[in-house]
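The primary structure of each chain is shown beneath.
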Amino acid sequence: MAGDTISRLLETLTRGEKLGLVRGAADPAGTATGYVAGIERLGIPPLRLVDGPLGVRIPDESATAFPAPIAVASTFDPTAAYRKGAAMAREAAAHGQDVLLAPGLNLIRIPHCGRNFEYYSEDPILTGSIAASAVEGIQSEEVLATPKHYVANNQETDRVTVSADSSERTLRERYLPGFHDAIDAGAGAIMTAYNRVNGTHMSEHRELVTGVLKEEWGFDGVVMSDWYGTESTVAAANAGLDLEMPGIEPDEQIGGAADEETADQTTDFGALAGGMPDPENVGQFDQALSEAIDSGAVLESRLDEMVRRVLGAIERLDRLDGDRPVGELDTPDHRTLAEELAARGTVVLENDGVLPLAAETEIAVIGPNVHEATLGGGGSSETTPFVTTSTAAGLRDRADGAVTVCRGHPEIEDLSFFDVIAGESTGRTDENKIETEFDSAADAAAGAEVAIVVVRDRATEAKDRESLALPGEQDGLVEAVAAANDRTVVVIQSSGPVETPWRDSVAAVVEAWYPGQADGAALASVLYGDIDASGRLPVTFAPAAAYPASSPEQYPGVAGRASYSEGVFVGYHHFDASGTDPTYPFGHGCSYATFAYRDLTVTDEGAVELTVENTGDRDGREVVQAYVCPPESDIERPERELGGFAAVDVAGGASERVRIDLDDRAFSYYDDGWVLESGEYTVEVGRSARDCLRSVSLTR
Ligand code: BGC
C-alpha cells in the first residue's frame, strides 16, 4: 500500500470507518493485548498488538520468558537486545500478532520504581543504544516495535496522575534521548505515558508529541495511548495522539488488568490507587471525536492524519496482501538465547576468588525460591514459558560435587498487580508471619564447601517497591549462612538495586536480575565459569537515602507534582557531583579474566581506540567504557558522562584493538538547543564510572 493507495483509501473510507481505525476494539481471536479492527470491504486487515518486553504475553498461552530488559542492558551489548527483539518478534508473529508493546525504555531515575526491570539504565547513551537495537531486532521480523512510555514515566506511585516537573535541559539530556534513538532506529509506533509532564498529561502533550516527536524527530508512525490513558478527546487528538487504546470496556479486555475475573473491582484499586488508570477513560476517539470534528474543535484533516498513520503501519508490515510471517515459537535457538542472555547479563559484584567454582565443589543451594525460575515482575510484562530451569535444578545439573538444597525461608511470592486488584494480595511484604529455618540453612551451609544463597525482591507494575531492602528476613538468612560458611556466594535476583548490608561477610555477590526461564542453567554457566563474567551494572547500587531524588518533593512528589530538581544529576552523575561513594558504581562488574588497557589514542574522526590485552590464560569478555569529562564550562555539567562503550571477546593471552565512537552528543549540553562547547575534554576509559584505567585529552 503505497502513499497513493493510502490516499485513495482515505477518500473511500466513511467517517465511521475512519473512527474505527483510530481506537482499539475487542479481539475476536481473544489473544491480543490490543486490537485495531480492519475494514473487510476494503481489504484492510486488523492489527494485533501484544505485550512485551520480557516475552510475548498471551493469556493462557506460552512463549519464551527471556531475561528482564535490565539484564539485557547489563550486557552492554546492543546485539544482545537485537537478538532478543528478533526472537520475541518471531514469537509474536507465531502467535498471530503484528505489533510488540516493547521496548520499555524509561530512564531509571528512582531505584524503587516498580518497573525498573522492564527498563534499561540510568544512563541515556546506554539506554538509547540498547533500545535502538531492540527496535531494529523486533522490526527485522516484520513486527512493529512500540517504545514506551513516552516520556518521564519514572515511578509507579501515582503514575496516572503525577506530573514530572522537569526543565527542558533535563528532559533533553536525560529522559528524551533514549526515545530519540529508538525513533531514529525506525520504530513504527510509540506509546505515551500515563503521567503528566510539567502539568500536561502525556497523551495531550502537544509540545512533546507533535512538536518534538513528530516535527523535530520526524516520527511518521503511530502514537498510541497507554491502556485507558486517553483522558480527553479534543486535547488528545489535537496534541497528536493517533490511536486510543484499548478502546474497549475493561470487561472486554482479554487478560488485562481488568478481565472478567477482576472486572467488578476495577474501580477499587486499593493498594494500587494512583497506579491504575481510570477505566472510564474509554471511547474518547469514538462518537465524541466525530462530534468534535463536526463542531470544528478537531479538524477533519487531523482525523485523516491519524488514519494515515495507522494505515501506514499496516503498509510497513506488508499485511495488505494477506501475507503474514509465520514466526517461530519456543525453538531450540530461542531457549539457548534466553539462557545465553541471562548469563551474559549476570553481574559479579564482588568475588574474593571463590568464583568460578570447580565442578567437583560440594555446594549448598539455599534460598526461598530456589525451587523455581524467577521470571520477572508483575504486570503487563508477565510471560508464561513452556519450560523453566529452577535455580536449584540448573546448579544441580552442572555440579559434579554433592549438592544440598535448603530453602531456609518461606517463599517470597511474586507480586502481581493482577492479584492485588483481585484482592488476593495486599502488595505488602509482611502479610504473613515469617517462619524461617535459619538453623537448617546454616547446617546445610556448614556441610558444604561453598554455600550459594539466592535471594530476591518482588516488584510489580503499578506500585513501587517499599524499600531497597530484601523482603522478609532474607538479610538474616544471608547472615546465618555466612556465619556458617566463609565461602558464601550471594546471588540476588532483583528488579533493580537492592541494599546488601552483609556484603563484607560473604565471599562473592552476584546480581542475576530476573533471569527468566533459563534461571538455574544461566546461573550455573556463570558460577562455574563456563563463560566469563561480563555483565556490568546499568544502574548504581547505593543505600536508598544516598540516591538523588530522595526528598518527598522529588519522589514520590507532593500535591501531585514530582520535582525533577536534581536536573541532569541522575544516577552516577549525582554520586560524582555529591562526592558520595556508591556501594557498586555504574558500569561495575568483575570478570574472571584479567585485562590491561594500553595505547589509548584519539582517531582523526574523534573516536578513541585502545588495545585491550587479556593478561591471563582464560578467555574473557571485557566491557570497555569511555566517559567524557567536560572542560570548565559556562554551566554546571556532570563530571563525566558515558560517551560510548564496547563489549569485546578477548581470548586468553590475546589482545584486541577496540574503537569507541563518540558522537557530538557526548560533548554537548542543552540550553535552548544543543551546545557543543569547544575546549579540551578528557576521555576516561575504564571498567566503571569509578574505575578509570587510561585517559586522553581530546580537543573539540
Ligand atoms: C502498561 C503498558 C502495557 C499496557 C497493555 C499498561 O498497564 O503500562 O506498558 O503495554 O498496559 O497491557
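### Looking at the overall build of the protein chain
Moving on, step 1. Regarding its fold elements, the protein chain presents 18 helices and 25 strands.
Moving on, step 2. Taking 700 residues into account, the globule formula puts the C-alpha radius of gyration at 27 Å, and the protein chain, at 25 Å, falls close to it.
Moving on, step 3. Taken over the C-alpha atoms alone, the protein chain extends approximately 75 × 60 × 50 Å along its principal axes.
Moving on, step 4. Expressed as a percentage of its 700 residues, the buried residues of the protein chain come to 63%.
Moving on, step 5. Surface exposure of the protein chain reaches about 23600 Å², of which carbon and sulfur atoms provide 44%.
Moving on, step 6. Averaging the locations of the 53 positively and 120 negatively charged side chains of the protein chain gives two centres separated by 3 Å.

### Focus on the environment of G377
Moving on, step 1. Here G377 is to be found in the loop between strand 11 (363–366) and helix 13 (391–398).
Moving on, step 2. In this structure G377 comes out as buried when scored by relative accessible area, which is 9%.
Moving on, step 3. A sequence separation of 102 residues divides G377 from G275, and the C-alpha atoms of the two residues are 15 Å apart.
Moving on, step 4. Setting aside chain neighbours within four positions, we find G377 in contact with F117, E382, L415, A459 and Y514.

### Some words on the nonpolar core
Moving on, step 1. Ranked by internal contacts, the top residues of the largest apolar core, which has 109 residues, are L100, Y150, V151, M224, L289 and L311.
Moving on, step 2. It is helix 5 (residues 124–139) that contributes the most residues to this core, eight residues altogether.
Moving on, step 3. For this core, the two domains that each supply at least three residues are domain 1 (3–316) and domain 3 (593–699).
Moving on, step 4. With near-sequence residues (within four places) excluded, L100 lies in contact with V50, D51, G52, V56, M88, A89, A92, I138, V143, L144, A145 and T146.

### Regarding the sheet that holds strand 24 (residues 680–688)
Moving on, step 1. Here four strands make up an open sheet; going across it, the order is 20-19-24-25 and the pairing antiparallel. Of all the strands in the sheet, the pair left with one neighbour each is strand 20 (641–650) and strand 25 (691–699). On average, adjacent strands in this sheet sit at an angle of 20° to one another, irrespective of strand direction.
Moving on, step 2. Across nine bridges, the pairing between strand 19 (residues 620–629) and strand 20 is antiparallel. Bridge pairing in strand 20 links Y627 to L642.

### Remarks on the sheet that holds strand 8 (residues 200–201)
Moving on, step 1. Here four strands make up an open sheet; going across it, the order is 8-7-5-16 and the pairing mixed. If you trace the sheet from one side to the other, it starts and ends with strand 8 and strand 16 (561–563), each paired once.
Moving on, step 2. As defined by bridge partners, strand 7 (residues 196–197) adjoins strand 8 across two bridges and the pair is classed as antiparallel. By the bridge assignment, V197 is partnered in strand 8 with T200.

### Thoughts on the site of the ligand
Moving on, step 1. What surrounds the ligand is a group of 14 residues, the closest being D51, R115, H149, D226 and E461.
Moving on, step 2. Within the side chain of R115, one N or O atom sits 2.8 Å away from an oxygen atom of the ligand.
Moving on, step 3. Contacts to the ligand include Y194, whose side-chain N or O atom sits 3.3 Å from an oxygen atom.
Moving on, step 4. Residue composition of the shell around the ligand, by class: four nonpolar, three polar and seven charged.

### Thoughts on the confidence of the model for the protein chain
Moving on, step 1. Put simply, the protein chain has an average pLDDT of 94, and 95% of its residues get 70 or more.
Moving on, step 2. Confidence over residues 257–267 falls short of pLDDT 50; this stretch has 22 contacts with residues more than four positions distant or in other chains.

### Concerning the domain arrangement of the protein chain
Moving on, step 1. Domain boundaries in the protein chain define domain 1 (3–316), domain 2 (338–539) and domain 3 (593–699).
Moving on, step 2. If you average the C-alpha positions of domain 2 and of domain 3, the two centres end up 33 Å apart.
Moving on, step 3. Listed per partner, the contact involves six residues of domain 2 and eleven residues of domain 3.
Moving on, step 4. Carbon and sulfur atoms make up 40% of the area that domain 2 and domain 3 hide from each other, which totals about 620 Å².

### Section: the pattern of salt bridges
Moving on, step 1. Per the stated rule, a full pass over the model turns up 55 salt bridges.
Moving on, step 2. The residue E340 makes a salt bridge to R83 at a minimum N-O spacing of 3.0 Å. Taken together, the positions of E340 in helix 12 (residues 332–344) and R83 in helix 4 (residues 78–94) put the pair 257 residues apart, joining distant regions of the chain.
Moving on, step 3. For R83, a relative accessible area of 34% corresponds to the partly exposed category.

### So, the packing of aromatic side chains
Moving on, step 1. Considering all chains together, one arrives at 13 aromatic pairs under this definition.
Moving on, step 2. Taking the centre distance of 5.4 Å and the plane angle of 80° together, the rings of F76 and F645 count as edge-to-face. With F76 in the loop between helix 3 (69–73) and helix 4 and F645 in strand 20, this residue pair connects regions lying 569 residues apart in the sequence.
Moving on, step 3. In this structure F645 comes out as buried when scored by relative accessible area, which is 13%.
Moving on, step 4. Taken together, a centroid distance of 5.4 Å and an interplanar angle of 75° make the contact between Y150 and F179 edge-to-face. Taken as a pair, Y150 in the loop between strand 4 (144–145) and strand 5 (163–165) and F179 in helix 7 (residues 177–184) lie far apart in primary sequence, 29 residues in all. Just as Y150 is buried, F179 falls in that class too.
Moving on, step 5. Lying over the aromatic face of F667, R700 brings its terminal NZ or CZ to 4.8 Å of the ring centre.

### Regarding the pairing of strand 13 (residues 450–456)
Moving on, step 1. Burial within strand 13 is extensive, with seven of its seven residues counted as buried.
Moving on, step 2. Burial of strand 13 is two-sided: the residues V450, I452, V454 and R456 facing one way and the residues A451, V453 and V455 facing the other way are all buried.
Moving on, step 3. Note that strand 13 and strand 14 (residues 488–493) share six bridges and pair parallel. Bridge pairing in strand 14 places R456 opposite Q493.
Moving on, step 4. On the question of chirality, the crossover connecting strand 13 to the parallel strand 14 by way of helix 16 (residues 474–484) is right-handed.

### What to know about helix 8 (residues 206–216)
Moving on, step 1. The set of residues buried in helix 8 consists of L208, V209, T210, V212, L213 and K214.
Moving on, step 2. Backbone geometry just downstream of helix 8 places G218 in the positive-phi region, at approximately 70°.

### As for the packing of helix 4 against helix 12
Helix packing geometry: the angle between the two helix axes and the distance between the axes.
Moving on, step 1. Between helix 4 and helix 12, the shortest axis-to-axis distance is 11 Å and the interhelical angle comes to 145°. The crossing of helix 4 and helix 12 is left-handed. Facing helix 4, whose interface residues are A80, R83, K84, A87, R90 and E91, helix 12 presents H334, L337, E340 and L341.
Moving on, step 2. By residue class, the composition of the contact of helix 4 with helix 12 is four nonpolar, one polar and five charged.

### Section: a negative patch on the surface
Moving on, step 1. There is a patch of like negative charges on the surface, built from E249, D251, E252, D278 and E280.
Moving on, step 2. On the basis of relative accessibility, which here comes to 39%, the residue D278 falls in the partly exposed class.

About the criteria used
- Residues numbered from 1 in each chain as written.
- Predicted model: local features only at pLDDT ≥ 70, side-chain atom pairs only at ≥ 80, totals over all residues.
- Heavy atoms only, no water.
- Helix = DSSP H or I, 4+ residues; strand = E, 2+ residues; numbered from the N terminus.
- Rg over C-alpha atoms; globule rule 2.2 N^0.38 Å.
- Buried < 20%, exposed > 50% of the residue type's maximum accessible area, 1.4 Å probe, protein only.
- Areas by Shrake-Rupley, 256 points an atom, 1.4 Å probe, with all protein chains shown as cover.
- Lys, Arg positive; Asp, Glu negative; His and termini not counted.
- Charge placed at Lys NZ, Arg CZ, Asp CG, Glu CD.
- Contact = heavy atoms within 4.5 Å.
- Core = buried A, V, L, I, M, F, W, Y, C linked by side-chain atoms within 4.5 Å.
- Domains from an automatic or database assignment.
- Pairing = 2+ DSSP bridges.
- Axes fitted to C-alpha atoms, helices over the stretch in contact; angles between N-to-C directions.
- Near = heavy atom within 4 Å.
- Polar contact = N/O pair within 3.5 Å; in protein donor to acceptor, adjacent residues only side chain to side chain.
- Nonpolar A, V, L, I, M, F, W, Y, C, P; charged D, E, K, R; others polar.
- pLDDT = per-residue confidence, 0-100.
- Buried area = accessible area lost by both parts, 1.4 Å probe.
- Salt bridge = Lys/Arg side-chain N within 4 Å of Asp/Glu carboxyl O.
- Phe/Tyr/Trp six-rings, centres within 6.5 Å; stacked < 30°, edge-to-face > 60°.
- Lys NZ or Arg CZ within 6 Å of the ring centre and 35° of its normal.
- Right-handed = clockwise from strand over helix to strand, strands pointing away.
- Left-handed = near helix turned anticlockwise from the far one by under 90°.
- Patch = residues over 30% accessible without salt bridge, like charges linked within 9 Å, V, L, I, M, F, W, Y side chains within 5 Å.

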